[in-house]
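What the coordinates show
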Amino acid sequence: MKEIAEILKAYSKAEQDNKRSALATVVKVEGSSYRRPGARMLVTDDGLLTGAISGGCLEGDALKKALSAIHQQQKKLVTYDTTDEDDAKFGVQLGCNGIVHILFEPINSKEANNPIDLLKALVAERESAVLVTLFATEHQQQLGSIMLYRKAKISSIVPDQISKEISEKAQQILLGQTSHFGALEINGLSYEAFFEYTSPPISLIIAGAGNDVQPLVQMAYLLGWEVTVVDGRPTHATTQRFPNANRVLIAKPNDLMNKVEIDGQTAFALMTHNYNYDTELLNLLLHTNAPYIGTLGPKKKLVRMLDELNLNTEENQHRVHGPIGLDIGAETAEEIAISIIAEIKAFFAGAGATSLKNKKNSIHTHEIN
């Protein structure tokens, strides 16, 4: 989502400057690649790149292909075979070892539901959605980004009958919460369909506005998370101290619960260093569907809070991440922030938070079928 937000910002600037642009999207990968399907890069006609489609080995040639798409105003699919050891540009000496299919779409702002419009609609709401892209490897007619599917609203550029067929599949993807590939035939032509499941960015709500929270806010901001900082002390909870937070609130626990929304991507970090504040807030959170709750401090602190609340059950001890963070030997505020960020990221990704060298399967846990 952070990459998409940066692309939209760059596109808005390009429009103001009367620059033409094209969107490059990784739509399929066979074998290994630095970026997976769904990675995007905006290219303007003066050569400015925003986003990334690889670790750097494809961007140079992709720039040329994007400029060609802009000039011809035609969608193009380009296949890069990085498994070819004799390929001086894309060979394994650059660390890649897969076949990457990239779709280039020139953006026409006058066309309704163009690729940028779909991305704008995607980020406009905190709701899971499915982006549908149609591409073809057997012929040159590319349909590209055609639909954004949500439960309550569908944005599409294809005829109603085709839209219905695609919508039914997108609905299944939304329920399954996993991206998927499929095959479609439209007007006698065969297409591959990339159904890309997307979820809102993580909403990190931090109770506490001490100095140790500042690096945590900065790191979450760099990841594109939505960050709320709350504290009962007006001297600490200020935008001057947390310029990268989306919101800074002065509130007691009860007031806080009336000012925030909790969804499937919400994480709470209790870091006030105020035992009573943390205990009161923990009591409120345990009666919500907040998926992630973390408490700073030793395990005995969490046990004591749960005892006082008469909520010390095995389920609650398992549910609350206390002490918060991964065991990486963190000591400083910055190191602790890394530990917390890593645990929250692993939690929502369903990852084991283990060393990659010990992983027996692919680096990317969720391979797309």
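Residues numbered from 1 in each chain as written. Predicted model: local features only at pLDDT ≥ 70, side-chain atom pairs only at ≥ 80, totals over all residues. Heavy atoms only, no water.

1. As for the overall build of the chain
Looking only at helices and strands, one finds 10 helices and 16 strands in the chain. Its C-alpha atoms give the chain a radius of gyration of 23 Å, near enough to 21 Å, the size a compact globule of 369 residues would have. Taking the intrachain contacts of the chain between residues at least 6 apart in sequence as the baseline, contacts between residues at least 24 apart amount to 58%. Accessible area of the chain: about 18600 Å², with a carbon and sulfur share of 48%. Averaged over its 36 positive side-chain charges, the chain has a centre that lies 3 Å from the centre of its 44 negative ones. (Helix = DSSP H or I, 4+ residues; strand = E, 2+ residues; numbered from the N terminus. Rg over C-alpha atoms; globule rule 2.2 N^0.38 Å. Contact = heavy atoms within 4.5 Å. Areas by Shrake-Rupley, 256 points an atom, 1.4 Å probe, with all protein chains shown as cover. Lys, Arg positive; Asp, Glu negative; His and termini not counted. Charge placed at Lys NZ, Arg CZ, Asp CG, Glu CD.)

2. Concerning the sheet that holds strand β8 (residues 154-156)
Read from one edge of the open sheet, five strands run β8-β7-β6-β10-β9, paired in antiparallel fashion. Unpaired on one side and paired on the other, β8 and β9 (180-186) mark the two borders of the sheet. Across this sheet, the average inter-strand angle for adjacent strands is 25 degrees, counted without regard to direction. Direction of pairing for β9 relative to strand β10 (residues 189-198): antiparallel, over a ladder of seven bridges. Within β10, the position partnered with alanine 183 by the bridge is glutamate 192. Where helix α3 (residues 115-123) meets the sheet, it contacts β6 (129-135), β7 (144-149), β8 and β10, and its direction lies at approximately 25 degrees from that of β7. (Pairing = 2+ DSSP bridges. Axes fitted to C-alpha atoms, helices over the stretch in contact; angles between N-to-C directions.)

3. Looking at the packing of aromatic side chains
Tallied over the entire structure, the rule returns three aromatic pairs. Ring centres of tyrosine 292 and phenylalanine 347 lie 5.4 Å apart, and the angle between their planes is 65 degrees; this geometry places the pair in the edge-to-face category. In this pair, tyrosine 292 is assigned in strand β15 (residues 292-295) and phenylalanine 347 in helix α10 (residues 333-349), connecting sequence segments 55 residues apart. Residues phenylalanine 347 and phenylalanine 348 carry aromatic rings whose centres are separated by 5.1 Å and whose planes lie at 90 degrees to one another, so their mutual orientation is edge-to-face. (Phe/Tyr/Trp six-rings, centres within 6.5 Å; stacked < 30°, edge-to-face > 60°.)

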